Every structure is written in structure tokens, then in C-alpha cells.
Amino acid sequence: MSTEPANAEDDLRDRITNFLRRNFPQIQMHGGDAAISHLDREAGEVHIQLGGACSGCGISPMTIQAIKSRMVKEIPEIDTVHADTGMSAGADGDLGGTSSGDSGMSPSFPGESDGEDDEGPQAPF
């Protein structure tokens, strides 16, 4: 019995974890964390769970999109990235999920005005 598949999956898991730490240090810097919740090497799929301060963070949908687009380019074994913050923004944690209903919320950015004075929290960097 060979241990190569197990070692290959461990190697891939390590490379994904290092990719997240190297490319997205702001996740940890801002009190969040990222973990692999499921990895299917044969299908080329990985499920990433963002937690801590990422849950409820207004920037997490953009972080998820960046993870999805950059990981498939940098790690050849990965074809599909699913990411979730634990919030119900979309089917896989982003605003472009498969839910067909409009939640009634849209992103707003400092400087955009809808008649309110509140610009929201300022980024700590």
C-alpha cells in the first residue's frame, strides 16, 4: 500500500494554506482566519471557510473573489474554489451565489451618498 496519494494531498493542502497566508495576510491581520474545509484533489476542488472577523465583514465578498481568481492561476491542481464566510450572502459566500432573490442590500462605499451622513467604519490601514 502506497502513501503517495496521502502525501500528495497533504502537500497540496500545505500549498493552499501557504498561498492563503502569503497572498492574503490581511485576513489574519484583521482578526479573521481561513481554513480548508474540504479538498477533492481528483476533482480539483477546494472549499475554504473564512471565519473570525471575516464573518460579517463588508470586504469579505471581494476577498473571496480574489481568492477564487488567484488560487486557480497559482495552484495548477485547483480548478474550482468554493469559499464561505458562514454568512448567507450567496450559495458559496459571495454576492454572486446561486440564490435568485435580491436581498435588498447593495454594497456602499465611503464617499457614495444616499442622503445619509454615515460613511461606515474606516479601514485600519
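This one's a predicted model, so the numbers in the text were calculated from it and none came from an experiment. (Residues numbered from 1 in each chain as written. Predicted model: local features only at pLDDT ≥ 70, side-chain atom pairs only at ≥ 80, totals over all residues. Heavy atoms only, no water.)

Draft legend 1. Layout of the overall build of the protein chain. For the protein chain, the count of helices and strands is 3 helices and 3 strands. Counting across all 125 residues of the protein chain, residues that qualify as buried make up 26%. Counted over contacts in the protein chain with a minimum sequence separation of 6, partners at least 24 positions apart contribute 53%. On the protein chain, roughly 8,400 Å² of surface is accessible, and the fraction owed to carbon and sulfur atoms is 50%. (Helix = DSSP H or I, 4+ residues; strand = E, 2+ residues; numbered from the N terminus. Buried < 20%, exposed > 50% of the residue type's maximum accessible area, 1.4 Å probe, protein only. Contact = heavy atoms within 4.5 Å. Areas by Shrake-Rupley, 256 points an atom, 1.4 Å probe, with all protein chains shown as cover.)

Draft legend 2. Geometry of the packing of aromatic side chains. Counted according to the given criterion, the structure contains 1 aromatic pair. Ring centres of Phe 19 and Phe 24 lie 5.9 Å apart, and the angle between their planes is 65°; this geometry places the pair in the edge-to-face category. Each member of the pair Phe 19 and Phe 24 is classed as buried. (Phe/Tyr/Trp six-rings, centres within 6.5 Å; stacked < 30°, edge-to-face > 60°.)

Draft legend 3. Fine view of the pattern of salt bridges. One pass over the structure, following the stated rule, counts 4 salt bridges. A salt bridge links Glu 9 to Arg 13; the shortest N-O distance between them is 3.8 Å. Of this pair, Glu 9 and Arg 13 both sit in helix α1 (residues 4-23), separated by 4 residues, roughly a single helical turn. For Glu 9, a relative accessible area of 28% corresponds to the partly exposed category. One salt bridge in this structure joins Asp 11 and Arg 15, with 3.3 Å as the shortest N-O distance. Taken together, the residues span about one helical turn, with Asp 11 and Arg 15 both in helix α1 at a distance of 4 residues. Residue Arg 15 is classed as partly exposed on the basis of its relative accessible area, which comes to 28%. Among the charged side chains, a salt-bridge network with shared partners connects Asp 11, Arg 15 and Glu 77. (Salt bridge = Lys/Arg side-chain N within 4 Å of Asp/Glu carboxyl O.)

Draft legend 4. Representation of the pairing of strand β3 (residues 80-84) within the structure. By the alternation rule, side chains of β3 split into Val 81 and Ala 83, which are all buried, and Thr 80, His 82 and Asp 84, of which none is buried. Summarising the sheet, strand β2 (residues 45-52) and β3 pair through 5 bridges and their orientation is parallel. Each residue of the ladder has a partner; that of Val 46, found in β3, is Val 81. (Pairing = 2+ DSSP bridges.)

Draft legend 5. Just the sheet that holds β2, in detail. Read from one edge of the open sheet, 3 strands run β1-β2-β3, paired in mixed fashion. The open sheet has two edge strands with one neighbour each: β1 (32-40) and β3. In this sheet, neighbouring strand axes are inclined to one another by 20° on average, regardless of whether the strands run parallel or antiparallel. With 8 bridges joining them, β1 and β2 adopt antiparallel strand pairing. Each residue of the ladder has a partner; that of Leu 39, found in β2, is Val 46. The strands that helix α3 (residues 60-74) touches are β2 and β3; relative to β3, the one it contacts most, it runs at about 160°. (Axes fitted to C-alpha atoms, helices over the stretch in contact; angles between N-to-C directions.)

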